[in-house]
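Structure assessment
One-letter residues, chain by chain:
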Amino acid sequence: MADKFDVIVIGAGPGGYVSAIRAAQMGLNAAVVEKWISKDGKPVFGGTCLNVGCIPSKALLEASHKFVEAKHDFDDIGIQAGDVSMDVKKMMARKEKIVNNLTGGVAGLLKANGVTAIQGTGKVVSSKQVEVTDQDGKASTYETDNIVVAAGSVPVEIPPTPLKEGMVVDSTGALEFQETPKRLGVIGAGIIGLELGSVWNRLGSEVTVLEAMDDFLPMVDGAIAKETQKLLKKQGLDIRMGARVTGSEIKGDEVVVKYTDAKGEQEITFDKLIVCVGRKPYTTGVIADGVGVETDERGFIHVDDQCRTSVPSVYAIGDCVRGPMLAHKASEEGVMVADIIAGHKAEMNYDAIPNVIYTFPEVAWVGMTEQEAKSKGVEVKTGTFPFAASGRAMANNATEGQAKVIADAETDRVLGMHIVGQHAGEMIAQGVIALEFGSSAEDLALTCYAHPTMSEAVHEAALAVEGHAIHMA
Ligand code: FAD
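Cut-offs used in this document
Residues numbered from 1 in each chain as written. Predicted model: local features only at pLDDT ≥ 70, side-chain atom pairs only at ≥ 80, totals over all residues. Axes fitted to C-alpha atoms, helices over the stretch in contact; angles between N-to-C directions. Helix = DSSP H or I, 4+ residues; strand = E, 2+ residues; numbered from the N terminus. Left-handed = near helix turned anticlockwise from the far one by under 90°. Contact = placed C-beta atoms within 7 Å. Nonpolar A, V, L, I, M, F, W, Y, C, P; charged D, E, K, R; others polar. Near = placed C-beta within 6 Å. Pairing = 2+ DSSP bridges. Buried ≥ 20, exposed ≤ 12 C-beta atoms within 10 Å, placed from the backbone. Right-handed = clockwise from strand over helix to strand, strands pointing away. UniProt positions renumbered as here; feature names shortened; annotations may be inferred. Core = buried A, V, L, I, M, F, W, Y, C linked by C-beta atoms within 7 Å. Arc of directions from axis to C-beta. Domains from an automatic or database assignment.

Direction vectors running N to C along helix α3 (residues 54–73) and helix α6 (residues 191–202) enclose 35 degrees, while the axes themselves pass 9 Å from each other. Once α3 is placed against α6, the crossing between them reads as left-handed. Contacts between α3 and α6 pair S57, L60, L61, S64, H65, F67 and V68 from the former with E195, L196, S198, V199 and R202 from the latter. Class assignment for the residues of the contact of α3 with α6 results in 6 nonpolar, 4 polar and 2 charged.

Written out as structure tokens, the structure is:
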């Protein structure tokens, strides 16, 4: 193995492994250091996303959604499926298989692109040196012209609800339950809390979500957030807003949670509790004292718009820097940084990063909400279209939800798109492209959409901006 590289990336999550592959594709001699190790001593690539995040959660969301469809919706469309039951252990085994396929695939991609994979814990010890300590505690130092820190994030723990294996768990533990809990508590009505709560609600748990804030999904357009809350409630999720958790106690097989809300002090008993109150950067010990890379009090590494830290040869990307904690944001930053190191001009449009909540129906958005635009003094015009008026949604048995386009009142430029509906996560790519290309609502309105598709709701919402939706009176 070479002991001098053009670039060493610390962390092989979707930020780090993508950055290392891109660097190699740009002709750089690249290495990636990863500390995650399997029970049998092999390095594990893919980070949070592939191992305990995006992919396993989507495997469980898809399985649990199919179960609900088979149980409740098949009859409607004429399919006689008889008694339907879920084998949770089999569902988990399938999830594991998908994770292993993907993480193994990343190992193959690194190899095929000529990236050197180094197992161990990486530490930036100078502006051009990375020290790696392997599983046996042996430290080696590698020279490099550039360093990319992609150390990711870990779940936040809160003092009122200390974790207890198998009983009070974080998102990782919630992906491991081997049977459906009868009464499940979820602290936090954010993206991860709603997804994991949905999985177990669909499989039969009585799910109560406790959220300290009063506003449900404040980052989503008000109308879309309101409809989402209504739909999730209808599915049986008991979402309690303004519920601030103050303590918990394990009593035998149960966990008793205390919280305060507008009515005063409350107590509720669960069989299992998931704590989903956010994630924090995982940067402790990644940068040696004296290197000069600045972090803030929460551990985020300070970077500029091109992910440069305060030390010129050191970059940082993904969950360990500012911005949304999303896999695709981490990957795009990884590509940008690799291109910059290779001597190319590169930048990222932080105003056009899509967000998706993979509940059913999905919630997806990009750009501003109507409320945000107004609070910034921007005059807007909006168009919405309900899936109840979409022929394809009727055929799909998925008429819940709506699409909303927010445009600048003066210039007609698209400022945001927010959707709740089946496949919203796929449809939102249209909003991303509209924002990226600076298109107007009229551009979308004059575009020819395939019929019958769910995407036609976006077309109609764009037409509705001028009051010209065809299939809505
Ligand atoms: P990570 O994926 O956290 O990877 C960091 C890697 O660095 C890890 O492998 C870690 O072991 C390694 N590392 C850390 N320190 C060192 C060191 N010193 N030396 C060597 N290696 C080190 N995002 C989405 O976009 N879509 C989703 O649907 C989605 N669903 C999610 C569901 C759940 C349950 C969770 C928890 C997260 C989800 N996310 C989702 C968020 C997504 O997983 C993260 O935003 C993404 O993984 C961040 O990528 P990253 O490369 O910055 O960090």
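Let's pick the thread back up.
Surrounding the ligand, one finds 35 residues, the nearest of these being G11, G13, G47, G152 and G318. Here the shell around the ligand is built from residues that sort into 17 nonpolar, 15 polar and 3 charged.

On to the sheet that holds strand β21 (residues 402–408), then. Strand pairing within a sheet occurs via backbone hydrogen bonds; the two strands may be parallel or antiparallel. Reading across from one edge, β18-β19-β22-β21-β20 is the order of the 5 strands in this open sheet, with antiparallel pairing throughout. Because the sheet does not close on itself, it has two edges, and the strands there are β18 (355–357) and β20 (380–386). For this sheet, the mean angle separating the axes of adjacent strands, direction not counted, is 10 degrees. As judged from the 3 bridges shared by β18 and strand β19 (residues 362–367), these two strands associate in the antiparallel manner. Within β19, the residue paired with I357 across the bridge is V363. Where helix α7 (residues 222–234) meets the sheet, it contacts β19, β20, β21 and β22 (414–421), and its direction lies at approximately 10 degrees from that of β22. Where helix α12 (residues 429–436) meets the sheet, its contacts fall on β19 and β22, and the angle it forms with β19 comes to roughly 0 degrees.

What follows covers the pairing of strand β1 (residues 4–10). Of all 7 residues making up β1, 5 are buried, and the element is well covered by its neighbours. Sheet topology note: the β1/strand β6 (residues 139–149) ladder contains 6 bridges and is parallel. Bridge pairing in β6 places I8 opposite I147. Across 4 bridges, β1 lies against strand β2 (residues 30–34) in parallel orientation. Considered in β2, the bridge of I10 is made with V33. After leaving β1, the chain enters helix α1 (residues 16–25) and then returns to the sheet as β2, a path that is right-handed.

In the segment running from F360 into P361, the intervening peptide bond is cis, with an omega of -5 degrees. Take P361: it is sitting in the loop between β18 and β19. Omega for the peptide link from H451 to P452 comes to -5 degrees, which places this bond in the cis form. Mapped onto the secondary structure, P452 falls in the loop between α13 (441–445) and α14 (456–464). Here the phi dihedral of D412 falls at roughly 75 degrees; this positive angle occurs in a residue that is not glycine. Position of D412 relative to the elements: it lies in the loop between β21 and β22. We note that H423 has phi near 65 degrees; this positive angle belongs to a residue other than glycine.

Another point: the UniProt feature "binding site: FAD" (unreviewed entry) in the protein. Under the UniProt annotation, "binding site: FAD" (unreviewed entry) lies at K58, G122, D319, M325, L326, A327 and H328. Spanning 271 residues, the annotated positions stay apart in the fold, the maximum distance between their C-alpha atoms being 29.9 Å. Relative to the helices and strands, D319 is located in the loop between β17 (314–316) and α8 (327–341). On the basis of neighbour count, D319 is assigned to the buried category, with 30 C-beta atoms found within 10 Å. Setting aside its immediate chain neighbours within four residues, D319 contacts G152, S153, R279, P281, M325 and A330.

This part is about the packing of α3 against helix α4 (residues 88–112). For the pair α3 and α4, interaxial distance at closest approach is 9 Å and the crossing angle is 145 degrees. For the pair α3 and α4, the sense of crossing is right-handed. Of the residues in α4, those touching α3 at I55, P56, A59, L60 and A63 are M91, R94, K95, I98, V99 and L102. The class makeup of the residues in the contact of α3 with α4 is 9 nonpolar, no polar and 2 charged.

Our focus in this paragraph is the nonpolar core. In globular proteins that are soluble, nonpolar side chains generally tend to be buried together. The biggest cluster of nonpolar side chains holds 134 residues, and the ones touching the most others in it are I8, A20, A30, V149 and V405. Here this core takes 7 residues from α8, the largest share from any one element. Filtering out sequence-adjacent residues up to four positions away, I8 remains in contact with A31, V33, V130, Y142, T144 and I147.

With that settled, consider α12. Three or more residues of α12 are buried, namely Q430, G431, A434 and L435. Angularly, the buried residues of α12 cover 130 degrees about the axis, an arc narrow enough to put them on a single face. Of the surrounding secondary structure, the elements contacted by the buried residues of α12 are β19, β22, α11 (424–427), α13 and α14. Among the residues trailing α12, G438 stands out with phi positive, at a value near 60 degrees.

Quick look at the domain arrangement of the protein now. When its domains are assigned, the protein resolves into domain 1 (4–155 + 280–342), domain 2 (168–277) and domain 3 (354–466). With 13 residues of domain 2 at the interface, the matching set in domain 3 holds 17 residues. If one sorts the elements of the side of domain 2 that touches domain 3 by residue count, α7 sits on top with 7 residues. Residues of the side of domain 2 that touches domain 3, tallied by class, amount to 7 nonpolar, 3 polar and 3 charged.

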